[in-house]
Amino acid sequence: MSISFSLEQLCNVIDTVKIEGSTTDMLSGIASLDTAKPGDLAFLDNPKYHAQVADCKASAILVPADYKGAGPAENQAHIFVEKPSYTLAHICKQIEATLWQKPPAGTHPSAAIDPSAQVDAGAHIGAFCSIGARAKIAKGAVIASGATIGIAATIGEDSFIESGVRIGAYTQVGARVHVLPNAVIGADGFGFVPVNGVIEKIPQIGNVIIEDDVEIGACTCVDRARFSSTKIGKGTKIDNLVQIGHNCVIGKYCMICGLVGMAGSTTIGDYVTLAGQVGLSGHIKVGNGATIGAQAGVIENVPEGVTLLDAPAIPVNLAKRLVILKLRLPEMWSKIKSIEKQLAEHAK
Amino acid sequence: MSISFSLEQLCNVIDTVKIEGSTTDMLSGIASLDTAKPGDLAFLDNPKYHAQVADCKASAILVPADYKGAGPAENQAHIFVEKPSYTLAHICKQIEATLWQKPPAGTHPSAAIDPSAQVDAGAHIGAFCSIGARAKIAKGAVIASGATIGIAATIGEDSFIESGVRIGAYTQVGARVHVLPNAVIGADGFGFVPVNGVIEKIPQIGNVIIEDDVEIGACTCVDRARFSSTKIGKGTKIDNLVQIGHNCVIGKYCMICGLVGMAGSTTIGDYVTLAGQVGLSGHIKVGNGATIGAQAGVIENVPEGVTLLDAPAIPVNLAKRLVILKLRLPEMWSKIKSIEKQLAEHAK
Amino acid sequence: MSISFSLEQLCNVIDTVKIEGSTTDMLSGIASLDTAKPGDLAFLDNPKYHAQVADCKASAILVPADYKGAGPAENQAHIFVEKPSYTLAHICKQIEATLWQKPPAGTHPSAAIDPSAQVDAGAHIGAFCSIGARAKIAKGAVIASGATIGIAATIGEDSFIESGVRIGAYTQVGARVHVLPNAVIGADGFGFVPVNGVIEKIPQIGNVIIEDDVEIGACTCVDRARFSSTKIGKGTKIDNLVQIGHNCVIGKYCMICGLVGMAGSTTIGDYVTLAGQVGLSGHIKVGNGATIGAQAGVIENVPEGVTLLDAPAIPVNLAKRLVILKLRLPEMWSKIKSIEKQLAEHAK
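(A) Spotlight on the interface of chain C and chain A. Facing the 66 residues of chain C at the interface are 56 residues of chain A. The largest share of the area that chain C buries against chain A comes from Tyr170(C), Phe190(C) and Ile205(C), three residues that together contribute 16% of it. Remark: the boundary between chain C and chain A carries three salt bridges. One salt bridge in this structure joins Glu340(A) and Lys335(C), with 3.0 Å as the shortest N-O distance. The interface formed by chain C and chain A contains 16 residue pairs in polar contact (both at pLDDT 80 or more). Taken together, the elements giving at least two residues each to the side of chain C that touches chain A come down to β19 (184-187), β21 (198-201), β24 (221-223), α3 (316-327) and α4 (329-347) of chain C. Classifying every residue of the side of chain C that touches chain A gives 35 nonpolar, 18 polar and 13 charged.

Encoded structure:
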């Protein structure tokens, strides 16, 4: 990060309740209370870190309006705000907008754009991009260097397609969608049928539809449907290295963590959370609001709102009880042996 | 999809037994019986969906020659064919050939091709491709935009290397091989040895050999051998995000699903199925025709033809029995406690 | 591989104790004792393969100085050396340097380099590379074709960034770092917060710091920090398809195998080994020298030096004992039933 701002510049862009102490340091980093150095801005949000304020080396610390504790050290400011986490997010957004500026509208001269593609004048097309025939790129969209947009694919307003992303033919990407580097959307589904000792490909003639405000992680793969569409619902966020099989339908505002694998034709409701490395069989349904814990294996339909763990996945409370009992297997074994011995003694 | 055909056009390209009813709708989609709308073609293949025909909204339905059930609705055709699934596959192949046309032979002017590379006049080389020294690209091969072909690598006839694929130096790719976007074939194997507190690299001087008719998924990685070759046998299909370690040898007509990881020097026979997220240790052998269930961990040799589950992997019937018994652990625990109590009572 | 050398050429570059037999074959491959063909160089390193020397078809075999066993066959040489594995590594390094030559310094005319970027005259920039504003590429670094270097990112001396790699803005890469094809370093961390039924992005304004001598595998993703830095320590080696979350800090000389997933803010000490498909929760610490077995799930802090297995992860000896007892669950169940029967009989 190459940011630098004075205490005064900082306080000009946030709502402060009051300020105690002061600093002449320029602020050039953000850090937690325990790791901050002079020149950093730190923050107290979770009350359990209250005691760390006293020893914090930051030049400035965001504290809650009702903070009562150690006062500022020499050349250190305590900035009292209503909600430090919101203030911090606000500051971070300003820094992000400065450091990761949206590239300007326009097309790099090296880009290979099919004459039949429609690129809005307000879109940015980076170096070495390939834009296929009849593709449409809307206003404000950014196609970063080396990305590929397939035939007749559409990219909605203000969407950000990062470097090396491959958007397959006929894919429909909504507005404000963010696809991270090297993700692959709309490649062939994995559909085969064994015929007389060889494996024949089942044609995959559907597409992928990604609704507004979706984020798709780096190297994540979303396969196109056998026919009709693989769908990712509005506002859903998908982490890196996730596999979404053909014909999956994912609802709105789901969170899907890294290395999750979802086999074909599985349906996920709204507000579902899948933790890291979860696997889901094909052709099952996960109800709205369900949560699946890390590394779980889901092989049948999941009701709404439940939290599951383990493989095969079971309710979290049962899973936790079974973990405890599994650890007591040696004790169970010796109890059984002891009982058998008592009975044998008794039978004599 | 932007396809559209009339009932008459459809019936001209398939073998029909008879047609009942008719439709004036243009057909522009394919859907299952329960989701089809007017304008769709639906199909009855699995008898268990027989009852769905009556309420199906599709404009045309493929039904088996011996279908007896609800007749066609208003403006709906029932098309009787010998085997609806075959007819559907035939129709899909025709649609695929229309919508995903093979690009014509020729080289995009932007491609960077080493003068010593041999590119057949019947091959297609897309924009921003890099073709290394002494590489050979055969007739009918398609190297899509932004792909990289390493030094002395060979790509066989009619193979399709998609956008962003990296084919490492000395890799040999057979005929009709399909490599999906952003896959990496022939990168360095993960071979290291700890020496005096640091980790030294073991040179990886082998290559990768991919036989005919293989499919390799998006973002899948096949590492080159330490020496000799990592091999993928004829007709094997590998899904997305799979890791194949150095010196692995995979037989013919295997199916390897998403997120599988295979450590180095493991050998897989012919007709092996590895379900999603399976992990295999290095230096083991999996016999012909074996099936490994999802998320299983294989740490020793697997005999021919068996089906394994769980980690460490065990025969599927045993695994299923153990799952049931695991769920009865609370019952086992309380039975043991109850027995102990009875014995204690008795001992008084 | 297209290498070829005579027995004499080989012996000129290695230290031999003595040579028995001879061969007129040119050597053009390296293979294990049991798979070697004429024209290959084989080697006896592990004593358990001693008996394979007698039937080995290689034209030359490296054997230990104290080897006593079957003599060389017709047209075959036995080359006695102090330590065959070291000699082999030495030979492989020479072959590697020949077959995978470092590309010469210079910039391909197609590369898109921002005028404010500083590219050392001794660096290599391949075709279709994008180098962002204020980026710095040091002497001896190689940026292979189609790679992207973000704004203000730095690449250290002699580092090798392979094709299709995406190095995000502000990333700092040390010296002699090797990043394999299509890896993504410095993309957005997966940080979100649910607010009133939608999911809001938490800005990710940190970066990634990669110390010297690190290797990062193909399609591996290392996310940039929310603020401050995600760090990979000196000499650590990461395999393919690994997910490193934002704000993770990894120590020196770790080995991280394929398909490992590490959630955000987790800290790993030095000399830690994570086997394939391991998952780690966020915000935990793994002590120096710990080893986590394949597919394990780590959900709490791990002490120094321990070896863990299973999910949730437990000490390896306990895990192995529990595996054995799990396999005896059917026996435990029938013992309990038998005891209950005896007690019931007794109660009559």
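(B) Representation of the sheet that holds strand β23 (residues 215-216) of chain B in the model. Strand order in the open sheet made by the twelve strands is β6-β9-β12-β15-β18-β23-β26-β29-β32-β35-β37-β38 (chain B), with mixed pairing throughout. Of all strands in the sheet, those with a lone pairing partner are β6 (106-107) and β38 (314-315) of chain B, marking the two edges.

(C) The relation of the copies chain C and chain A, seen in detail. The two copies are related by a screw operation: chain C maps onto chain A through 120° of rotation and 0.0 Å of translation along the axis, at an RMSD of 0.1 Å. In short, the pair behaves as if placed about a three-fold rotation axis.

(D) Main features of the interface of chain C and chain B. Taken together, the contact between chain C and chain B spans 56 residues of the former and 66 residues of the latter. Taking both partners together, chain C and chain B bury about 4800 Å²; carbon and sulfur atoms supply 69% of that area. On inspection of chain C and its partner chain B, the count reaches three salt bridges. At the surface where chain C touches chain B, the tally comes to 16 residue pairs in polar contact (both at pLDDT 80 or more). Per-element accounting of the side of chain C that touches chain B gives the leading share, ten residues, to α4(C).

(E) Broad picture of the side chain of Asn182(C). Tracing the backbone shows Asn182(C) in the loop between β18 (178-179) and β19. Taking relative accessible area as the criterion, Asn182(C) reaches 0% and is therefore assigned buried. A polar side-chain atom of Asn182(C) sits 2.9 Å from a polar atom in the side chain of Arg166(B). Apart from the residues lying within four places of it in its own chain, the contact partners of Asn182(C) are Asn182(A), Cys219(A), Gly164(B), Arg166(B), Asn182(B), Ala183(B), Val184(B), Ser163(C), Gly164(C), Val165(C) and Cys219(C).

(F) Fine view of the sheet that holds strand β4 (residues 60-64) of chain C. Residues and elements named next belong to chain C. Spatial ordering of the open sheet is given by β1-β5-β4-β3-β2, a layout of five strands whose pairing is mixed. Looking at the sheet topology across the chains shown, the edges are occupied by β1 (18-21) and β2 (29-30). Examined bridge by bridge, strand β3 (residues 40-43) and β4 share three bridges and lie parallel to one another. Directly across from Leu 41, in β4, lies its bridge partner Ala 60. Strand contacts of helix α2 (residues 84-99): β2, β3, β4 and β5 (77-81), with the helix running at about 140° to β4, the strand carrying the most contacts.

Calculation criteria
- Residues numbered from 1 in each chain as written.
- Chains lettered and ligands numbered in written order.
- Predicted model: local features only at pLDDT ≥ 70, side-chain atom pairs only at ≥ 80, totals over all residues.
- Heavy atoms only, no water.
- Contact = heavy atoms within 4.5 Å.
- Buried area = accessible area lost by both parts, 1.4 Å probe.
- Salt bridge = Lys/Arg side-chain N within 4 Å of Asp/Glu carboxyl O.
- Polar contact = N/O pair within 3.5 Å; in protein donor to acceptor, adjacent residues only side chain to side chain.
- Helix = DSSP H or I, 4+ residues; strand = E, 2+ residues; numbered from the N terminus.
- Nonpolar A, V, L, I, M, F, W, Y, C, P; charged D, E, K, R; others polar.
- Pairing = 2+ DSSP bridges.
- Least-squares fit on C-alpha atoms with pLDDT ≥ 70 in both.
- Buried < 20%, exposed > 50% of the residue type's maximum accessible area, 1.4 Å probe, protein only.
- Axes fitted to C-alpha atoms, helices over the stretch in contact; angles between N-to-C directions.

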